[in-house]
Amino acid sequence: MKFPKIKRTLPPAASPIYLRDILWGIRGMIMGDREVERFRDELKETFGSRYCGLVSSGKVALAVTLETLRELCPERDQVVIPAFTCYSVPAVITRLGLRVRLCDVDPDTLDFDYDQLAGILSGVGGEESAEAGGKTGTEGILCVLPTHLFGIPSDISRVRKLVKDPGITVVEDAAQAMGGVHGGRKLGTLGDVGFFSLGRGKAFSTVEGGILLTDREDIGEIVERRIRMMPDYGTVGQLKLLAQAFTISIFLRPSLFWFPKSLPFLNLGKTVFETDYKVGKLSPFQAGLAIKWKARLREFAGARVRNAGHWASLFNQHMPGDHPETLNLIRFPVRLENREVKAMILSLDLSSEFGIMATYPDSIDGIEELAQMGAERRFPAAKKCSEDIITLPVHSYMSRRDRAEIESLFKNVIPSG
Ligand SMILES: *Cc1c(COP(=O)(O)O)cnc(C)c1O
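Below is a summary of the structure that appears in this document. In every chain, residue numbers begin from 1 and rise along the written sequence. With pLDDT at 70 or above as the cut-off, local features in this predicted model cover only qualifying residues; side-chain atom pairs require 80 or more to be listed or tallied, and sums for whole chains, interfaces and linings still use all residues. Only heavy atoms go into the side-chain values, all of them from the structure, while hydrogens and water stay out.

## Things to note about the nonpolar core
Basically, it comes down to this: What makes a nonpolar core is a set of buried Ala, Val, Leu, Ile, Met, Phe, Trp, Tyr and Cys residues whose side-chain atoms join them at distances within 4.5 Å. Think of it in three bands: residues with accessible area under 20% of the maximum for their type are buried, residues over 50% are exposed, and the middle band is partly exposed, with areas taken using a 1.4 Å probe on protein chains only. Labels follow the DSSP assignment, with helices taken as runs of H or I lasting at least four residues and strands as runs of E lasting at least two, numbered in each case from the N terminus. By the convention used here, residues are in contact when the closest approach between their heavy atoms is within 4.5 Å.
Within the largest apolar cluster, 72 residues are counted, with the highest numbers of intra-cluster contacts made by Ile81, Phe84, Phe332, Ile345, Ile356, Leu392 and Phe410. Among the elements that make up this core, the one with the highest residue count is helix H3 (residues 58-72) (seven residues). Excluding residues within four positions of it along the chain, Leu392 makes contact with Trp311, Phe315, Arg331, Phe332, Val334, Ile356, Ile406 and Phe410. Counting 38 residues, the second-largest nonpolar core is a separate cluster that includes Cys103, Val159, Val170 and Ala290.

Below you can see the structure in the form of structure tokens.
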């Protein structure tokens with residue numbers, strides 16, 4: 001075992017939890033369900049959504065969405081997702097016994113490859129859908145999941161235009177994009193259903209948690225009923241969350257992050273395909289912890305937008321979306337086509353000290369547990385994204401000096417800049 005280096009260390013992504021938030025959380029625990037209702041009402045008002053569900057993770061928000069859609073359309077079972085996304089997404093789909101249907105991505109935007117998506121949503125690509133349950137056309141497709149990966153806005157209106165079959169629902173995976181805007185509209189409100197994650201390393205965190213938003217009455221009613229039936233954390237569960245929040249509030253700081261990072265059992269930064277996540281409602285402790293959510297999202301966004309804008313100009317990387325001022329990312333993706341350069345950067349101790357890291361280790365069809373997908377690789381752009389992209393931190397813990405050090409690290413490895 002390598003002895004941990006006691007040295008300033010940046011987490012790759014971070015949404016700080018402060019001690020005063022934890023005090024608000026304890027107050028929430030005392031207030032009970034009223035605190036959850038308050039949080040829900042504020043979210044509904046801010047996002048202008050008729051229905052809002054609060055659950056224990058983004059995975060659960062997605063799961064309850066998919067179960068609801070299944071209840072409304074029992075004959076459909078395919079979920080169309082980008083072939084380059086968070087492993088939790090196919091994990092949820094698989095756990096529910098539904099079918100993952102992949103669409104390749106556009107390497108420049110990390111959004112769907114819209115030519116391929118157009119084919120899928122108009123019922124061509126029959127050979128693949130035959131494999132996915134013997135159905136041709138689009139009658140097997142339950143929903144499509146445009147995803148704002150790293151917070152880069154996916155073009156939801158373009159997805160909408162491609163959906164001709166009214167039985168297909170647009171589910172906006174805004175897990176990484178709470179607080180983001182696109183074309184003046186709030187991310188998370190652009191699909192029939194949208195969801196956020198409140199997990200560690202997302203735009204805003206309550207240790208863990210998920211938010212579901214929808215205006216659709218048919219969906220909203222079922223979602224609310226299903227969430228009411230979910231178990232709650234109970235006192236012990238909330239005390240565990242409290243302990244975790246406390247640990248995060250201390251060890252996420254760059255002066256101490258070397259410590260949790262040195263503990264292998266925390267699996268920090270590992271991508272796992274986990275189908276046995278626990279299902280429950282968001283707790284009053286978490287709702288209390290979120291009491292200042294609007295101000296904190298604004299505060300975090302300020303730093304993220306500034307830093308992402310800096311990286312975008314440094315790497316001369318055009319980002320989709322509107323203006324640099326709205327580039328509210330949780331990590332900044334950089335494409336390094338030269339494998340040697342990429343390997344070299346990631347191997348430097350400095351990289352891990354400055355929160356520079358690789359992304360998902362493979363495209364979704366490369367996940368072992370998804371053997372159903374077949375060995376043949378049909379999603380070359382997604383695979384290449386997993387191979388080429390590294391991410392830089394943009395969060396508020398990164399100082400100007402950190403930023404300058406990262407910059408010089410790149411200048412040294414890539415002399416041409
Ligand atoms: C994190 C994430 C999820 C799942 O959210 P959890 O709160 O971790 O369960 C879903 N989709 C994407 C794109 C994510 O990044």
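## A word on the environment of Ala243
With respect to the helices and strands, Ala243 occurs in helix H9 (residues 234-251). A residue is classified by how much of its surface remains accessible, and Ala243, at 41% relative accessible area, is partly exposed. Each C-alpha atom, one on Ala243 and one on Val207, is 10.0 Å from the other, the two residues being 36 residues apart in sequence.

## Some points on the site of the ligand
For clarity, the cut-off: By convention in this text, a residue qualifies as near a molecule or strand provided that one of its non-hydrogen atoms is within 4 Å of it. We call two N or O atoms a polar contact when they sit within 3.5 Å, provided that within protein one can donate a hydrogen and the other can accept it, with sequence-adjacent residues counted only if both atoms are side-chain atoms. Each accessible area value is a Shrake-Rupley result obtained with a 1.4 Å probe; residue values ignore everything except the protein chains displayed when judging cover. When residue character is reported, Ala, Val, Leu, Ile, Met, Phe, Trp, Tyr, Cys and Pro are called nonpolar, Asp, Glu, Lys and Arg charged, and the others, Gly included, polar.
Among the 14 residues in the neighbourhood of the ligand, the closest are listed as Gly58, Asp173, Gln176, Ser197 and Lys202. Between the ligand and Gln176, the relevant distance is 2.6 Å, taken from an oxygen atom to a side-chain nitrogen or oxygen of the residue. With respect to the ligand, the side chain of Ser197 contributes an N or O atom lying 2.6 Å from an oxygen atom. Computed on the free molecule, the ligand has an accessible area of 380 Å², of which 91% lies beneath the protein chains in the complex. Sorting the residues of the shell around the ligand by element identifies H3 and helix H4 (88-95) as the ones contributing at least two each. For the shell around the ligand, the residue count by class is three nonpolar, eight polar and three charged.

## Brief notes about unusual backbone geometry
Here Phe150, not a glycine, exhibits a phi torsion of approximately 60 degrees, which is positive. Relative to the assigned elements, Phe150 resides in the loop between strand S4 (141-144) and helix H7 (156-162). With a phi angle near 75 degrees, Val207 is a residue other than glycine that sits in the positive phi range. When its relative accessible area of 5% is taken as the criterion, Val207 is described as buried.

## Focus on a nonpolar patch on the surface
The condition is simple: In this scheme, patches are assembled from residues that exceed 30% relative accessible area and form no salt bridge. Like charges are connected within 9 Å, while nonpolar side chains (Val, Leu, Ile, Met, Phe, Trp, Tyr) are connected within 5 Å. Put simply, a salt bridge is a Lys or Arg side-chain nitrogen that is within 4 Å of an Asp or Glu carboxyl oxygen.
Together, Leu23, Ile26 and Ile30 line one region of the surface with nonpolar side chains, adding up to about 310 Å² of accessible area. With respect to the secondary-structure elements, Ile26 resides in helix H1 (residues 19-31).

## Brief notes about the sheet that holds strand S10 (residues 332-335)
Heads up, the rule is: Here, strands pair whenever DSSP counts at least two bridges between them. Helix axes are fitted only over the stretch in contact, all axes being lines through C-alpha atoms; the angle between N-to-C directions runs from 0 to 180 degrees.
Across the sheet, three strands lie side by side as S10-S12-S11; this open sheet has antiparallel pairing. The strands lining the two open edges of the sheet, one partner per strand, are S10 and strand S11 (357-358). On the sheet, helix H15 (residues 380-388) packs against S10 and strand S12 (389-392) and is oriented at approximately 50 degrees with respect to S12.

## Thoughts on the pairing of strand S5 (residues 169-173)
Burial within S5 is extensive, with five of its five residues counted as buried. Here S5 shows a buried face lined by Thr169, Val171 and Asp173 and a second buried face lined by Val170 and Glu172. Inspection of the sheet shows S5 paired to strand S8 (residues 193-197) by three bridges, in the parallel sense. From the neighbouring strand, Glu172 faces S8, where its bridge partner is Gly194.

## Remarks on the sheet that holds S5
Spatially, seven strands are ordered S1-S9-S8-S5-S4-S2-S3 in an open sheet, and the strand pairing comes out mixed. Edge strands, defined here as strands with exactly one partner in the open sheet, are strand S1 (51-55) and strand S3 (99-103). When the angles between neighbouring strand axes are averaged without regard to direction, this sheet yields 25 degrees. Across two bridges, S4 lies against S5 in parallel orientation.

## Remarks on the packing of helix H12 (residues 293-314) against helix H16 (residues 400-413)
Here is the rule: Roughly parallel means an angle under 35 degrees; roughly antiparallel, over 145; roughly perpendicular, 65 to 115; everything else is oblique. By convention, the crossing between two helices is left-handed when the near helix turns anticlockwise from the far helix through less than a right angle, and right-handed when the turn is clockwise.
Across the interface, H12 lies against H16 with an axial gap of 12 Å and an inter-helix angle of 20 degrees. For the element pair H12 / H16, the angle class is roughly parallel. Where H12 crosses over H16, the two elements pack in a sense that is right-handed. Residues Arg306, Asn307, His310, Trp311 and Leu314 of H12 form the contact with H16, whose participating residues are Arg403, Ile406, Glu407 and Lys411.

## Some thoughts on the side chain of Thr68
Within the fold, Thr68 resides in helix H3. A relative accessible area of 0% means that Thr68 is categorised as buried. Beyond its immediate stretch of four places on either side in the chain, Thr68 contacts Ile219, Ile222, Val223 and Arg226.

## Structural notes on the environment of Leu117
Inspection of the secondary structure puts Leu117 in helix H5 (residues 114-121). Note: C-alpha distance between Leu117 and Val163 (46 residues apart in sequence) is 9.5 Å. Once you skip the residues sitting within four places of it in the chain, Leu117 turns out to touch Val80, Cys103, Phe112, Val144, Val159 and Leu162.

## Considerations on the packing of aromatic side chains
The relative placement of two aromatic rings is captured by the distance of their centres and the angle of their planes. Defined as follows: Only rings of Phe, Tyr and Trp enter the pairing, Trp through its six-membered ring, and a pair is recorded when the two centres are within 6.5 Å. The plane angle decides the type: under 30 degrees is stacked, over 60 is edge-to-face, the rest tilted. Sitting over a ring, as applied to charges here, requires NZ of Lys or CZ of Arg to be within 6 Å of the ring centre and within 35 degrees of the ring normal.
All told, the structure shown has 10 aromatic pairs when counted by the stated rule. Centre to centre, the rings of Phe47 and Phe196 are 5.2 Å apart; their planes meet at 50 degrees, and the pair counts as tilted. Of this pair, Phe47 sits in helix H2 (residues 33-47) while Phe196 sits in strand S8, and the two are 149 residues apart along the sequence. A relative accessible area of 10% places Phe47 in the buried class. Of the aromatic side chains, those joined through ring pairs into one cluster are Phe39, Phe47, Phe196 and Trp293. Taking NZ or CZ as reference, Arg95 lies 4.3 Å from the ring centre of Tyr277, over its face.

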